[in-house]
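# Close look at the chain arrangement
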Amino acid sequence: MWTTWRPDSKAVLRDKKARASLKRYFDVMEDDKPAKFVVAKKLSATFSKNDSIAKLWTLHEKLTEEYYLLEKEIDTRQKRLEELEPSEMSFLDLKLEIANRILENCHLCTRRCGSNRLDGELGYCRCGTQVTVSTIFPHTGEEPELVPSGTIFTLGCTIRCLHCQNWGISQWYEPGTIQSARQLARAVETLREGGCRNVNLVGGDPTSWLSQWFETFLHVDVNVPVVWNSNSYYSEETAKLLAGFVDVYLLDFKYGPEDCAERLSDAPDYWNSCTLNHLYAKKYGELIIRVLVLPNHLECCTKPVLEWIAENLGVSVRVNLMFQYHPEWRANEAPELKRSLTEAERKRAITLAKEAGLTNFIT
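Residues numbered from 1 in each chain as written. Predicted model: local features only at pLDDT ≥ 70, side-chain atom pairs only at ≥ 80, totals over all residues. Heavy atoms only, no water.

Okay, the overall build of the protein chain next. Scanning the protein chain for helices and strands turns up 14 helices and 9 strands. Its C-alpha radius of gyration of 20 Å places the protein chain within 12% of the 21 Å reference for a compact globule of 363 residues. Looking at the protein chain as a whole, 59% of its 363 residues qualify as buried. Across the protein chain, contacts joining residues at least 24 apart in sequence account for 75% of those joining residues at least 6 apart. Here the protein chain displays about 15200 Å² of accessible surface, and carbon together with sulfur accounts for 50% of that area. Looking at the protein chain, you have 45 positive and 50 negative side-chain charges, and the mean spots of the two groups are 4 Å apart. (Helix = DSSP H or I, 4+ residues; strand = E, 2+ residues; numbered from the N terminus. Rg over C-alpha atoms; globule rule 2.2 N^0.38 Å. Buried < 20%, exposed > 50% of the residue type's maximum accessible area, 1.4 Å probe, protein only. Contact = heavy atoms within 4.5 Å. Areas by Shrake-Rupley, 256 points an atom, 1.4 Å probe, with all protein chains shown as cover. Lys, Arg positive; Asp, Glu negative; His and termini not counted. Charge placed at Lys NZ, Arg CZ, Asp CG, Glu CD.)

In regions of low pLDDT, the predicted coordinates are not meant to be interpreted in detail. Mean pLDDT for the protein chain: 97, with 99% of residues reaching 70 or above. Put simply, helix H1 (residues 7-11) is where the protein chain has its lowest mean pLDDT, 95, and strand S5 (residues 226-230) is where it has its highest, 99. (pLDDT = per-residue confidence, 0-100.)

Packing of helix H13 (residues 298-313) against helix H14 (residues 343-356) leaves a shortest axis separation of 9 Å and a crossing angle of 30°. Considering the angle they form, H13 stands roughly parallel to H14. Crossing handedness for the pair H13 and H14: right-handed. Contact residues: H13 offers Leu 298, Glu 299, Thr 302, Lys 303, Leu 306, Glu 307 and Ala 310, while H14 offers Glu 345, Arg 348, Ala 349, Leu 352, Ala 353 and Ala 356. Class assignment of the residues belonging to the contact of H13 with H14 gives a composition of 7 nonpolar, 1 polar and 5 charged. (Axes fitted to C-alpha atoms, helices over the stretch in contact; angles between N-to-C directions. Parallel < 35°, antiparallel > 145°, perpendicular 65-115°, else oblique. Left-handed = near helix turned anticlockwise from the far one by under 90°. Nonpolar A, V, L, I, M, F, W, Y, C, P; charged D, E, K, R; others polar.)

Here the focus is the environment of Val 202. Note that Val 202 resides in strand S4 (residues 198-202). By relative accessible area, Val 202 is classed as buried at 7%. Expressed as a C-alpha distance, the spacing of Val 202 and Leu 250, which sit 48 residues apart in the sequence, is 9.5 Å. What Val 202 contacts, discounting residues up to four positions off in sequence, is Thr 151, Ile 152, Phe 153, Thr 154 and Asn 229.

Looking now at the pairing of strand S1 (residues 132-139). Side-chain direction in a regular strand flips from residue to residue, so the side chains alternate between the two faces of the sheet. By the bridge criterion, 2 bridges tie S1 to strand S3 (residues 177-178) in an arrangement that is antiparallel. Its bridge partner lying in S3, Thr 132 is registered against Ile 178. As paired strands, S1 and strand S2 (residues 149-154) are joined by 6 bridges and run antiparallel to one another. Pairing of Phe 137 across the sheet is with Thr 151, part of S2. (Pairing = 2+ DSSP bridges.)

Quick look at the nonpolar core now. Generally speaking, nonpolar side chains in soluble globular proteins are found buried as a group. Ranked by internal contacts, the top residues of the largest apolar core, which has 112 residues, are Phe 217, Trp 228, Phe 245, Tyr 249 and Ile 309. Excluding anything up to four places from it in sequence, Trp 228 contacts Leu 201, Pro 206, Thr 207, Leu 210, Trp 213, Tyr 234, Leu 242, Val 246, Val 248, Tyr 249, Leu 250 and Leu 251. Judged by nonpolar contacts, the second largest core, of 9 residues, contains Leu 22, Met 29, Val 227 and Leu 250. (Core = buried A, V, L, I, M, F, W, Y, C linked by side-chain atoms within 4.5 Å.)

Take the packing of aromatic side chains next. Taken as a whole and judged by the stated rule, the model has 18 aromatic pairs. With centroids separated by 5.3 Å and ring planes inclined at 40°, the aromatic side chains of Tyr 68 and Tyr 284 adopt a geometry described as tilted. Taken as a pair, Tyr 68 in helix H5 (residues 53-75) and Tyr 284 in helix H12 (residues 270-284) lie far apart in primary sequence, 216 residues in all. Classification of Tyr 284 as buried rests on a relative accessible area of 16%. Among the aromatic residues, ring-to-ring pairing joins Phe 37, Trp 213, Phe 214, Phe 217 and Phe 245 into one connected group. Just above the ring of Trp 329 sits the side chain of Arg 330; from NZ or CZ to the centre is 5.1 Å. (Phe/Tyr/Trp six-rings, centres within 6.5 Å; stacked < 30°, edge-to-face > 60°. Lys NZ or Arg CZ within 6 Å of the ring centre and 35° of its normal.)

Taken as a whole and assessed by the stated rule, the structure comprises 29 salt bridges. Taking the shortest distance from any N to any O, the salt bridge between Glu 142 and Arg 290 comes out at 3.0 Å. One end of the pair, Glu 142, is in the loop between S1 and S2; the other, Arg 290, is in strand S7 (residues 286-292), with 148 residues separating them in the sequence. This pair shows no difference in class: Glu 142 is buried, exactly as Arg 290 is. In the salt-bridge network here, residues are joined through shared partners; they are Arg 24, Lys 36, Glu 71, Asp 75 and Asp 247. (Salt bridge = Lys/Arg side-chain N within 4 Å of Asp/Glu carboxyl O.)

This part covers the packing of H5 against helix H6 (residues 91-102). Look at H5 against H6: their axes get within 10 Å of each other, and the N-to-C directions meet at 145°. In this structure, the crossing between H5 and H6 has a hand that is left-handed. Of the residues in H6, those touching H5 at Ile 53, Leu 56, Trp 57, Leu 59, His 60, Leu 63, Thr 64 and Tyr 67 are Phe 91, Leu 94, Lys 95, Glu 97, Ile 98, Arg 101 and Ile 102. Among the residues forming the contact of H5 with H6, the class breakdown is 10 nonpolar, 2 polar and 3 charged.

Moving on to unusual backbone geometry. Cis geometry marks the peptide bond from Val 147 to Pro 148, where omega comes out at -5°. Positionally, Pro 148 belongs in the loop between S1 and S2. Even without a glycine there, the phi angle at Arg 126 is positive, about 65°. Considering the arrangement of structural elements, one finds Arg 126 in the loop between H6 and S1. For Ser 232, which is not a glycine, the phi torsion comes out positive at approximately 75°.

What follows is the structure, encoded as structure tokens:
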């Protein structure tokens, strides 16, 4: 059992605002309710490998509605999970089938590069079909409600931030190790049994490995909340597939609506993609938003991001206003990123959060 705790990771258990915004997560973490993937494996899905992708999506839309009705019945004790009959094919199997079909013309991320990963083509993220892992460990540096967090860092990313602090992982400078779905499932179980509050899918970015993650959790036999730790730059198809699988969306909201995302992270259409995915996350799960404050980007990025969050997701959503920026990797290619934040910028960011009306933000 993991026994090293940060003081705030204990105190957060009594934090009313955190518990209110992440109510179901806390219940799953404490084994009072089943994780979404556990419920998804109990929901029967009747389909054929020969069905068209359009037919599979129609079924997925129908089962998404059925899933959330079932989840509510289980949560309110109208139905008992253990009394549900096991099915030959489940909602999670359907998600895996659709995700595998997408790999033929990959559009898991907003970039929609169209590579045929099943035929060996590597797209922008350079991810194939065999998930490549950097490290697996109990992370004590995440948000207090997540610590200790069972993190699995995979290689590859869908964007290229000049200031990336995990560039060795995101840009494949590390060799990594290929792991099978069953190996990853055992790792998930080991992390949970060792006292981790959740399993944290991160990188790089987990989006490119969506198919492999679905396959992994078909083999997981413990109850553990799934945390989707992403840059938010994924397609609407991916957002739909994540519904009924992800318990907590741990999403970056990096940039405002100007050209900063494309200039600093090679992420065109970032604002539209990011806002849409935050709306999906709010609808289908619970949400922690990470806002990395960048030097000289408070008015063009931090301010509109915080205002949009308050107006569209509610003032009580959990927000981590992050001040740990420091120049990394190729940050010197952008003049404003060559330095860390000033104290004045940190104070200004807090003021902006308060002016937006946010009531549940941490720094």
